[in-house]
Each structure stands twice: as C-alpha cells, then as structure tokens.
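Summary of the model geometry
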Amino acid sequence: MVIVLLAGCGTPSNLDGQEQLAFARACASLVERNLSDNKPPRTAQLGSDDLNLDDPSSFYSVLGRIRGPATFNLHDPKHNADTARQPLDDCSPKPRITPSVSTTTTTTVPGS
C-alpha cells in the first residue's frame, strides 16, 4: 500500500512539456493582444524578427519559431534565478523599426 502511494507522488513525465507549451501560448497571447488593438498595419518587432498580425499564417509561424515551447525550458540553469513571470518578459513586441527615407532637395536659383 505504501509503495502505491509513493508511486503516485512522482512528477508526471510530460509536465515539463506542458509547462513549456503553456508559457509559449501565454507569450503568443501577450504579443497578439499587444498588436490586435492597433490600426493596420499591425506590425512589430520581437527581438530581431518582424511580426505582421495582418498576415496571420506568417505571424504565427514566426512567433512559433522564435517563442515556441523550446524557448521556455525553465529547467535550464540560466533560469534558476527567474521569478514566476520573468520568462514572459521577452514577449513584449516593440514598434517596428522602419528605415528612414532620405530625400535630397535641389534648389535652383533663376539666372545663375
């Protein structure tokens, strides 16, 4: 009887994967909510990657690649000091950086 009770106290083998998937979904939700209230074009940068919510298949493909479950390996020693919410700090998109367009104006003086 004691052996059966102790066997039930172990951590389920798939808990880490479920935890990572939950963080990935929370991250996607935060990014999507951040962009969804914007007027089109609903674009942003997350890290060095561009996101475009107006192209959903591309948006979720890029987001899954850069913030998928593998990103949230909370048992990695570099995360030992993280607080509960800290893994989601990297889920805040920034406004998309657009290259500045430089224009040159030439002024012609009459009679020169």
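Up top is the structure these notes are about.
Residues numbered from 1 in each chain as written. Predicted model: local features only at pLDDT ≥ 70, side-chain atom pairs only at ≥ 80, totals over all residues. Heavy atoms only, no water.

Inspection of every chain in the model, using the stated rule, returns two aromatic pairs. A centroid spacing of 5.9 Å and a plane angle of 20° characterise the contact between Phe23 and Phe72, whose relative ring orientation is stacked. Linking Phe23 in helix H2 (residues 15-36) with Phe72 in the loop between helix H3 (56-66) and strand S3 (94-95), this pair joins segments that are 49 residues apart in sequence. Using a relative accessible area of 3% as the deciding quantity, one classes Phe72 as buried. Taken together, a centroid distance of 4.8 Å and an interplanar angle of 85° make the contact between Phe59 and Tyr60 edge-to-face. (Phe/Tyr/Trp six-rings, centres within 6.5 Å; stacked < 30°, edge-to-face > 60°. Helix = DSSP H or I, 4+ residues; strand = E, 2+ residues; numbered from the N terminus. Buried < 20%, exposed > 50% of the residue type's maximum accessible area, 1.4 Å probe, protein only.)

Turning to the state of the cysteines, a few remarks are in order. Counted according to the given criterion, the structure contains one disulfide. Covalent S-S linkage joins Cys27 and Cys91, the inter-sulfur distance amounting to 2.0 Å. Measuring handedness by torsion sign, the sulfur bridge of Cys27 and Cys91 sits at about -110° and is left-handed. On the criterion of sequence distance, the pair formed by Cys27 in helix H2 and Cys91 in the loop between H3 and S3 is long-range, its members being 64 residues apart. Across the pair, Cys91 and Cys27 agree in class, each one buried. (Disulfide = S-S within 2.5 Å.)

We now examine H3. Within H3, burial applies to Phe59, Val62, Leu63 and Ile66. Mapping the buried residues of H3 onto a view down its axis gives an arc of 100°, with all of them on the same face. Seen from the buried face of H3, the exposed residues on the opposite side, beyond 90 degrees, are Ser57 and Arg65. (Arc of directions from axis to C-beta.)

A few words now on the pattern of salt bridges. Evaluated as defined, the whole model comprises three salt bridges. Across the pair Asp54 and Arg42 runs a salt bridge whose closest N-O atoms are separated by 2.7 Å. Pair noted here: Asp54 is in the loop between strand S2 (49-52) and H3 and Arg42 is in the loop between H2 and strand S1 (43-46), with a separation of twelve residues, a long-range link. Asp54 gets classed as partly exposed once you look at its relative accessible area, which sits at 34%. We note a salt bridge from Arg65 to Asp49, for which the minimum N-O separation is 3.2 Å. With a gap of 16 residues between them, Arg65 in helix H3 and Asp49 in strand S2 connect regions that are remote in the sequence. (Salt bridge = Lys/Arg side-chain N within 4 Å of Asp/Glu carboxyl O.)

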